[in-house]
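# Observations on the model geometry
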Amino acid sequence: IGAVTILEYLRTHRSATLAGVVLVDQSPRMLTGRDWDLGLYGEFSPADNLAFEWQMRRDAAGAYLRLLACGFNARARAEYDANTPAMRRKRQLLRSMPGAPWLALWKSLAHKDYRDDIAAVTVPLLVVLGGASNLYDAARLGRWFEDHVPYAEVLRYDGADHAPHLAMPARFARDVAACAARCTFPVERRRPTLRTIAGSAA
């Protein structure tokens, strides 16, 4: 959900107050349509979304796990179909949580279109995509970022799923550090001095 949080921030405040942005395996628009086929699975229509919301109302945990499993990644689908111990633990954990907040969260972001907000970013933007993401076509989505966002650097982690930062944490840390080294904080956001920190603490 971190990617959606920063996308909402960009929509509200733009990037003038930021030094840089990192997005992890996220399309700027989740639903697909006549002018956009880079959302979920490349074919997740508004009708598909209505069916998913209906499934969420019946069994939020089951619907969410199916969404993550039944995409591009054959390994994720096999784990789901085999109902492995790891999958059973995920299902048990999710079912221990109330389903209404999951549905409300989903409905708040499913119809959003952040393409213009991302294209307007004027600070370094690091986009990390899972080369084996089950949700998005990493090669084509990466090209969209490169073609439409002047400040974007796109990295694809081959073999990584929807969470490349968890699959390859050491590489991710190095890449974020390299991106941070290219960032310049705005003048009005200079780091506080020891005097101001002490004054705030008092």
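Parameters at a glance
- Residues numbered from 1 in each chain as written.
- Predicted model: local features only at pLDDT ≥ 70, side-chain atom pairs only at ≥ 80, totals over all residues.
- Heavy atoms only, no water.
- pLDDT = per-residue confidence, 0-100.
- Contact = heavy atoms within 4.5 Å.
- Helix = DSSP H or I, 4+ residues; strand = E, 2+ residues; numbered from the N terminus.
- Expected span 1.5 Å × (residues − 1).
- Buried < 20%, exposed > 50% of the residue type's maximum accessible area, 1.4 Å probe, protein only.
- Arc of directions from axis to C-beta.
- Pairing = 2+ DSSP bridges.
- Axes fitted to C-alpha atoms, helices over the stretch in contact; angles between N-to-C directions.

### Examining the confidence of the model for the protein
Mean pLDDT over the protein stands at 88; residues scoring 70 or higher make up 92%. The low-confidence segment residues 189–202, where pLDDT is below 50, has 5 contacts with residues more than four positions distant or belonging to other chains.

### Some thoughts on helix α10 (residues 169–181)
In this model, α10 (13 residues) spans 18 Å end to end at C-alpha, consistent with the 18 Å of a helix rising 1.5 Å per residue. Looking only at α10, the buried set comprises Phe172, Asp175 and Cys179. An end-on view of α10 places all buried positions within 65° of arc, on one side of the element. Set apart from the buried face of α10 by more than 90 degrees, the exposed residues are Arg174 and Ala181. Where α10 is buried, its residues touch β1 (21–24), β2 (125–130), β3 (152–157) and α9 (164–167).

### So, the sheet that holds β3
Taken together, the 3 strands give an open sheet; going across it, the order is β1-β2-β3, and neighbouring strands pair in parallel fashion. Taken across any chain shown, the strands that pair with only one partner, and hence form the sheet edges, are β1 and β3. Taken pair by pair, the neighbouring strands of this sheet meet at an average axis angle of 15°, ignoring direction. Bridging between β1 and β2 involves 4 bridges; their strand directions are parallel. Directly across from Val22, in β2, lies its bridge partner Leu126.

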